[in-house]
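# Survey of secondary and tertiary structure
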Amino acid sequence: MDSISLGSQVVQYIFTGLTVGAIYALVALGFNIIYNVTEVINFAQGEFVVWGGLILAVLAESLGIPLFFSFFISVGLVSLVGTVIYWTGIRPLRQPTILTMIMATIAISIILKGLAMFIWGKDPYAVQPFVEAPPVTLWGAYIQAQTFWVLGISVALVVALTLFYQHTLTGKAMRACADNPGAAGLVGISSGRMILFSFALSAALGAVGGAIITPITLMEYDRGAMLALKGFGAAILGGLGNFYGAVAAGFLLGLLESFATGFISSSYKDAIALIVLLGVLFARPQGLMGSSLQGDE
Amino acid sequence: MTMPLPEKNQTVTHIFLFALFVAVLPWVFGLSRATSYYTDVMVFVAIHSIIAAGLSLLLGYAGQISLGQAAFYGVGAYASGILTTRLGLSPWVGIMAGMALAAGLAYGVGLPALRLKGHYLAMATLGFGMIVYIVFNEFIGLTGGPSGFGEIPPIHFFGMEISSTLGFYYLVWTFALVVLWISLNIVHSRPGRALRAIHDSEKAAAGVGIDITRAKVQIFVVSGVFGALAGSLYAHFVTFINPPPFDIFFSIKVLMMVVIGGIGSIWGAYLGAALLTFLPEWLAFLEDFDVLAYGIILLAIVMFSPDGLVGLGSRVMGRIRNIKY
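By the naming in an unreviewed UniProt entry, chain B is Branched-chain amino acid ABC transporter permease, taken from Candidatus Desulfacyla euxinica. The UniProt entry for chain B carries the following comment under Subcellular location (unreviewed entry): "Cell membrane".

As annotated in an unreviewed UniProt entry, chain A carries the name Branched-chain amino acid ABC transporter permease and comes from Candidatus Desulfacyla euxinica. Taken verbatim from the UniProt record of chain A, the Sequence similarities (unreviewed entry) comment is "Belongs to the binding-protein-dependent transport system permease family. LivHM subfamily." Entered under Subcellular location (unreviewed entry) in the UniProt record, the comment concerning chain A runs "Cell membrane".

Set out below in structure tokens:
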């Protein structure tokens, strides 16, 4: 490491941090999509990432289906899992309180993790990079080509999601449900369908995260809980329900971890990210950018 | 969600009957070779009950969630382990030091954290638990790091060394019963009523002059002290500690005990602790797939009986009574 200049190290850490941060951001967005419509924190969010990566690995590597199609099939299947979860685990809840919903989603995440172990076993799975290309050298830092796919797809998703919420009828209906479910019902929006849709959309986002990161980090059945925690941290840091806050906080957490690993020690990377998170929470209880539901409660 | 409260002297009778039941249990288990190791399991039931009682007070009566209880459990275990092995101090000093340290930590963290609400509080306590877990792993000089350390001495009681399982069983259940008695007393006391008022409405509670922050922090400190006591007992029973038993998944497990037993019932916490401690024994034949069974059981209880086993029990009893009349 001595031969690499400080500048290249910094560039290296920035790209590593942004890559991991992109996944945190996608998970955090997934939390927010469901939270805004239902006020549920879906702790199974990390499992969607795992399932997205593992299904992609089976389709593309074991079955030899072209990566492009595998990607979309995987995302589609996982969003189906999202809707099944809603139908079987969330909708049947009687007298749902915040706590029972938290417990239900924890139970679901345990079940999904168990199923993943049952289906795929405990070994990590690999997927080929989306395009075979040599690493790019930028200011002395080596950056895998897949990194650009991760960043590009994540940014494209955020843009697409913004357009969806602002310009499509379904997007507007979902925002209406988030603002005021009663009033949304009065103008003929089925809140049940919007909730179902939010679960599917959020599962799809997680699956995309899993699919794009697996070529870099591999994927195994028990990654979900940690990803959910980090994503939850990002969602809280950005202010629950705040989309841009979630994206910014996701990247911020990724960068913090990456720099802490590089300059301090990899064993303290989580501690440093968490201390910053707690510091922000204690100083600004509504998150960095404020919650969408500020003043409620 | 709060259960109707029984009369105070009725509480003492209940605890006494429960103590009798606990006292004869090892002899019942001893009748069959297949169940004789249940005495061992019951030691862990007592340990888990103590930590679950603390969370039950916090969650069921004050309405504050904590996903960081394992941190206090670990603080108790490591305080006991380090003070007795490194400094050669008495286990009782270790237990007291663990509880004092946990109380200080709970106060320091609770003061800023308990101003947060709902999901934000969940995240803050989760983060606290994870940081403490990292400390256990990384402060290798003090904690032995990931490989931990052993040879933690047994507890002496009036010169008698308590190293047999049966001896420890009676010791740890004595603690568990005292914790039960204290918890039920807190519920019935003025602070307990204040907590329930906070649970129902913070604004109304503040309106009648309850110092909300103080009440919440107080009960968080109590839950931390119970957690540390449980951890110390664990360390002296197992005589070896390393970080994994104190990770965030244990915090979630304690939360599961409280929810499965019945939120708003201290007895429920004990019931939930018993169920979740015996389940791994009964599900051992599933090997790795026991997690699936956990998930399904938890989901089923949340779905069909959101007020836990205690709620289920009282509904069933209600139906039976209705049939009689």
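Having put the structure on the table, let's press on.
The next thing to look at is the confidence of the model for chain A. Residues and elements named next belong to chain A. Per-chain confidence: chain A averages 88 in pLDDT, with 96% of residues scoring 70 or above. Confidence, read as mean pLDDT per element, is least for strand E1 (residues 136–138) in chain A (84) and greatest for helix H2 (residues 45–62) (95). Confidence drops under pLDDT 50 across residues 293–297; counting only partners more than four residues distant or on other chains, this segment forms 5 contacts.

Here we come to the interface of chain B and chain A. The interface of chain B with chain A comprises 32 residues on the first partner and 38 residues on the second. Put simply, the parts of the chain that give the side of chain B that touches chain A at least two residues each are helix H5 (118–138), helix H11 (248–261) and helix H13 (290–304) of chain B. By residue number, the principal contributor to the side of chain B that touches chain A is H5(B), which donates 12 residues. Its residues assigned to classes, the side of chain B that touches chain A shows 24 nonpolar, 4 polar and 4 charged.

So, about the nonpolar core. Residues A:Ala25, A:Ala28, A:Trp51, A:Ala107, B:Ile50 and B:Val258 are the most contacted members of the largest nonpolar core, which totals 204 residues. At 15 residues, helix H2 (residues 38–61) of chain B tops the list of elements feeding residues into this core. Discounting chain neighbours no more than four positions away, the residues touching B:Val258 are B:Ala52, B:Leu55, B:Ser56, B:Leu59, B:Gly60, B:Ile263, B:Ala269 and B:Gly272.

All right, on to the UniProt feature "transmembrane region" (unreviewed entry) in chain B then. All names here are of chain B. The UniProt feature table records "transmembrane region" (unreviewed entry) at residues 12–29, 41–63, 70–89, 95–114, 121–140, 167–187, 254–279 and 291–312. Secondary structure over residues 70–89 splits into 85% helix and 0% strand, and the C-alpha atoms at its two ends are 24 Å apart. Helix makes up 85% of residues 254–279 and strand 0%, whereas the separation of the span's terminal C-alpha atoms amounts to 14 Å.

Right, let's talk about the confidence of the model for chain B for a bit. In this model, chain B carries an average pLDDT of 88, and 97% of its residues clear a pLDDT of 70 or more. Of the two predicted TM-score estimates for the complex, the pTM is 0.87 and the ipTM is 0.82.

Here is what the cut-offs are and how they apply
- Here the residue index of a chain counts from 1 through its sequence in written order.
- Following the order in which they are written, the chains are lettered starting with A and the ligands numbered starting with 1.
- Residues qualify for local features only when their pLDDT is at least 70, as the model is predicted, and side-chain atom pairs are given and counted only at 80 or more; totals for whole chains, interfaces and linings, by contrast, use all residues.
- UniProt positions are given in the numbering used here, feature names are shortened, and annotations may be inferred rather than shown by experiment.
- Each residue gets a pLDDT score, which is the predictor's confidence in that residue and runs from 0 to 100.
- Strands here mean DSSP runs of E at least two residues long; helices mean DSSP runs of H or I at least four residues long; both are numbered from the N terminus.
- Two residues qualify as a contact pair if the distance between their C-beta atoms, derived from the backbone, is within 7 Å.
- The nonpolar class holds Ala, Val, Leu, Ile, Met, Phe, Trp, Tyr, Cys and Pro. Asp, Glu, Lys and Arg form the charged class, and all remaining residues, Gly among them, are polar.
- A set of buried Ala, Val, Leu, Ile, Met, Phe, Trp, Tyr and Cys residues, joined through C-beta atoms within 7 Å, is what we mean by a nonpolar core.
- Residues are called buried when their C-beta atom has 20 or more other C-beta atoms within 10 Å, exposed when it has 12 or fewer, and partly exposed otherwise; all C-beta atoms are positioned from the backbone.

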